[in-house]
Amino acid sequence: MNFVPQHDQMDCAPACLCMIASAYGKKYPLQYLRDNSFITREGVSLLGITEASKKIGFDALSTKLDIDVLRNEKEAFPCILHWNQNHFVVLRKITKNLISSKYSYHISDPAYGNIKLDEKKFISHWISDTDKGIAVFLEPSKNFHDVQTPPEEKISFKFLLKHLKNYRKQLSLMFLMLLLGSLITLTFPFLTQSLIDKGINAKDLNIITILLLAQLSLFLGSITIEVIRNWLMLSIGTHLSISIISDFLKKLLYLPIKFFDSKMMGDFNQRIQDNERIEQFLTSQSLLTFFSMITFAVFFGVLWYYDFKILVVYTVLTIAALGWSTYWLKRRKLLDYFRFQEKSRNQESIYEMINGVTEMKINQLEDYKLREWQQLQSKLFSVNKRILKIDQIQIAGFDFLNQLKNIVVTFLAATFVVHGKMTLGELLGVSYIVGQMNSPVNQLVSFFRSFQDAKLSFERLNEVQNQKAEEQSGQINIESGFDNNKEGIKLNNVSFQYEGSNSEYVLQGINLLFPEGKITAIVGASGSGKTTLMKLLLKFYKPTQGSINLNGIDLEKLSAKSIRQNSGVVMQDGFIFSDSIERNIATGDKEINQKMLEKAIHLSNIDEFIKSLPLKSYTKVGASGNGISGGQKQRILIARAVYKNPKYIFFDEATSALDSENEKIIHDNLKGFFKDKTAVIIAHRLSTVKNADKIIVLKKGKVIEEGKHQELVDKKGEYFNLIKNQLELGN
């Protein structure tokens, strides 16, 4: 069974499935299993694991069992275990010590590696309910080998190398600087040999003076070249880093909303920081290694010229040193995934503390969160210790073989001098050459490490680059194609599930019409599917079953971008950017239309608040709305939706944080604005929905009532029960 590390914080279950599939001779891309296990920010459920395992040809059985029963299921290993109540690992095997009769449990933890635990420690992690733990047993079905494995995306540096094309002149100059530096370095052994043999041995001060001045001049030239090269490297590296991150963010922002459901903030931050390793590899390590190898090849030839025996000894010991380093680099590769995870969690924890500081203080969570962060630091320290241990073993072994090589070569050269086969100047020349050849070898080891780091970082960036963009060619713009059909938004037998075909329906069998140019209100208890329905209308998700038509055209054929460009939306979790109030309202316009801005501010009844501020609409508000109240935030969000003057309005509890006076003013203001616009409004308050042209009542994902306010009140059904305690209906 191949070990597969998790790439992101919530990837443990797909990684476990990858490992078990490999035990049966199948290799699946991690992204494929992510997509089929319905991963979210909370991770993957047992149902998600079952769905994904069926997709790849396994029969899955999830069960609770005690430790004695688990030990008797050896033929069913490897299996997946629910670990620490928030994680999944693979149990590879259970072994028994013949002397002590104690059991050992061999675990593959996608977040830590392969480990062996005694029974007491194993139970402490696995048992979750009285004396039982959860296990998922997977057995290949009859069609297991018939299931086609999807092709794994090949890692290609082409898209990164294209960034270098813009810096051809700077790279050419760097190339020239490195070439000159190599040529200067090449002259030093010959100058050293001449200094000894022709200067010191001949006792000629003129030659000694000339050679030393030549060495000084060449050294100054080498320093000048190094300074120029470092400035060029900084310039290219900085611009390349910006270009790589920009490319990553551009791709990221064009991905569908569903992609972000399974990603944590720390995962994205760590990926962005990862680009530094790619930039360093492309700009410094690659070029330096290239010229180091040229220098090595030249000195290799010179050493051959001096003595072939010395060259053979040097080459054998160098290959041994490189082989040692390569072996430990492979061991280090796995730990890089674990360090990425812990750094990601660390950033997530800090982000949460900073953004949730108010709630932390209110609920006295400071000490708890600080302890939680300290535990993360302890885990990160543990991973760093493992990396340091490997690095020290690798470096110690490499340095020992390197030093052994230097001593053996020096001994051979000294022997040749003693026997008169080599001059003292040649001995010093050989020593200098060996010293200069050691530097390229060290550079090569650094290159291998940098290449490995860059490759791993690129794999993580590539996971985003390989995602399918939300906008696809051939999709219809909402502005065209609606001349003859003004029916509105029609849902045909729409159902939706978040976690696959066996999960609970969030919406089921919805047949609805949101008439064009009319106001439709959606009401229902919390969890009835109202917000999910709105997200389907905005093309955040695709229906599991059925279809949605906008004026006769299937929503799947329409451009999501054009739908949102023509929609004014206020969601429950609407975001206020760290910018001025006017920029938060006129979000998409490069130049703000002042008349439209004033109208939006007036209709959302936020003009008095803005006038009271020192900088008026230029006043900057913090990210997520720091420094403004919930009601002010909602009014800015309403103004943002109104400013666009859209054809379609989608409001999800847009006035829930407003007092009754402000709510009434805004409703009165919006009556004229809603005219001839198709509006879908989710609300609990009667005052918000009673004047709608149509009211839809949802319960447990199904439409149970629809009609006008008075009709539904007269029915005394679900709608009546929802609003009967509100003031307008009295007792």
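Each value, and the rule that gives it
Residues numbered from 1 in each chain as written. Predicted model: local features only at pLDDT ≥ 70, side-chain atom pairs only at ≥ 80, totals over all residues. Heavy atoms only, no water. Helix = DSSP H or I, 4+ residues; strand = E, 2+ residues; numbered from the N terminus. Buried < 20%, exposed > 50% of the residue type's maximum accessible area, 1.4 Å probe, protein only. Contact = heavy atoms within 4.5 Å. Areas by Shrake-Rupley, 256 points an atom, 1.4 Å probe, with all protein chains shown as cover. Pairing = 2+ DSSP bridges. Phe/Tyr/Trp six-rings, centres within 6.5 Å; stacked < 30°, edge-to-face > 60°. Lys NZ or Arg CZ within 6 Å of the ring centre and 35° of its normal. Axes fitted to C-alpha atoms, helices over the stretch in contact; angles between N-to-C directions. Lys, Arg positive; Asp, Glu negative; His and termini not counted. Salt bridge = Lys/Arg side-chain N within 4 Å of Asp/Glu carboxyl O. Core = buried A, V, L, I, M, F, W, Y, C linked by side-chain atoms within 4.5 Å. Expected span 1.5 Å × (residues − 1). Arc of directions from axis to C-beta. Polar contact = N/O pair within 3.5 Å; in protein donor to acceptor, adjacent residues only side chain to side chain.

A. Representation of the overall build of the protein chain in the model. Along the protein chain, the regular secondary structure elements total 24 helices and 18 strands. Counting only C-alpha atoms and orienting by the principal axes, one finds that the protein chain spans roughly 120 × 75 × 55 Å. Burial status across the protein chain gives 48% buried among its 731 residues. Taking contacts inside the protein chain between residues at least 6 apart in sequence as the whole, the part at least 24 apart equals 74%. With an accessible surface of roughly 37300 Å², the protein chain has 56% of that area assigned to carbon and sulfur atoms.

B. Broad picture of the sheet that holds strand β8 (residues 505–515). In spatial order, the strands read β8-β7-β10-β11; together these 4 strands make up an open sheet with antiparallel pairing. Since the sheet does not close on itself, it has two edges, and those belong to β8 and β11 (553–554), each with one partner. Sheet topology places strand β10 (residues 545–550) next to β11; 2 bridges connect them, and they run antiparallel. When the sheet's bridge partners are listed, L550 is paired in β11 with I553.

C. Structural context of the packing of aromatic side chains. Applying the stated criterion to the full structure yields 15 aromatic pairs. Measuring from centroid to centroid gives 5.6 Å for Y24 and F58, while their planes differ by 70°, and the two rings are edge-to-face. Placement of Y24 in the loop between α1 (12–23) and α2 (30–36) and of F58 in strand β1 (residues 58–65) is noted, with a sequence separation of 34 residues between them. Site record: aromatic cluster; members linked through ring pairs are W83, Y105, F122 and W126. Over the aromatic face of Y112 sits the side chain of R386, whose NZ or CZ is 4.0 Å from the ring centroid. Seen from the ring of F673, K677 lies directly overhead, with NZ or CZ sitting 4.7 Å from the centre.

D. Representation of the sheet that holds strand β15 (residues 648–652) within the structure. If you walk across this open sheet you meet the 6 strands as β12-β15-β16-β9-β17-β18, and the pairing is mixed. Because the sheet does not close on itself, it has two edges, and the strands there are β12 (567–570) and β18 (702–707). Between one strand and the next, the sheet's axes are offset by a mean angle of 15°, whatever the strand orientation. Sheet strands touched by helix α20 (residues 630–643): β12 and β15. Its angle to β12, the strand with the most contacts, is close to 170°.

E. Quick peek at the side chain of R640. Relative to the assigned elements, R640 resides in helix α20. Despite its burial, R640 remains without a salt bridge, the nearest opposite charge being carried by D579 at 9.5 Å. Beyond its immediate chain neighbours, meaning those up to four positions away, R640 contacts F575, I576, F577, N584, I585 and T587.

F. Quick peek at the nonpolar core. Counting 46 residues, the largest nonpolar core has I581, I585, I638, F651, L670, F674 and Y719 as its most contacted members. The greatest single-element share of this core, amounting to 7 residues, is contributed by α20. Setting aside anything within four residues of it in sequence, one finds I585 in contact with L597, A600, I601, I636, A639, R640 and Y643.

G. Representation of helix α21 (residues 660–673) in the model. Relative to the 20 Å expected for 14 residues at 1.5 Å per residue, α21 spans 20 Å between its end C-alpha atoms, a close match to the ideal helical length. Three or more residues of α21 are buried, namely N662, E663, I666, L670 and F673. Summarising the axial view, the buried residues of α21 lie within an arc of 95°, below the 170-degree limit, and thus occupy one face. When the buried face of α21 is taken as reference, the exposed residues oriented beyond 90 degrees from it are S660, E661, K664, K671 and G672. Looking at the buried residues of α21, the elements they touch are α18 (594–603), α20, β15 and α22 (686–689). Here α21 starts with a cap whose side-chain oxygen sits 3.1 Å from the backbone nitrogen of E661, and that cap is D659.

H. Structural detail: the pattern of salt bridges. Applying the stated criterion to the full structure yields 9 salt bridges. Residue E706 is joined to K694 by a salt bridge in which the shortest nitrogen-to-oxygen separation is 3.2 Å. Residue E706 is found in strand β18, and its partner K694 is found in strand β17 (residues 694–699); the two are separated by 12 residues along the sequence. Exposure remark for E706: the relative accessible area of 33% places this residue in the partly exposed category. On the basis of relative accessibility, which here comes to 16%, the residue K694 falls in the buried class. K699 is the salt-bridge partner of E718, the closest N and O atoms lying 3.5 Å from each other. Of the two residues, E718 is situated in helix α24 (residues 718–723) and K699 in strand β17; the sequence distance between them amounts to 19 residues. Linked by salt bridges that have partners in common, D68, R71 and E119 make up one network.

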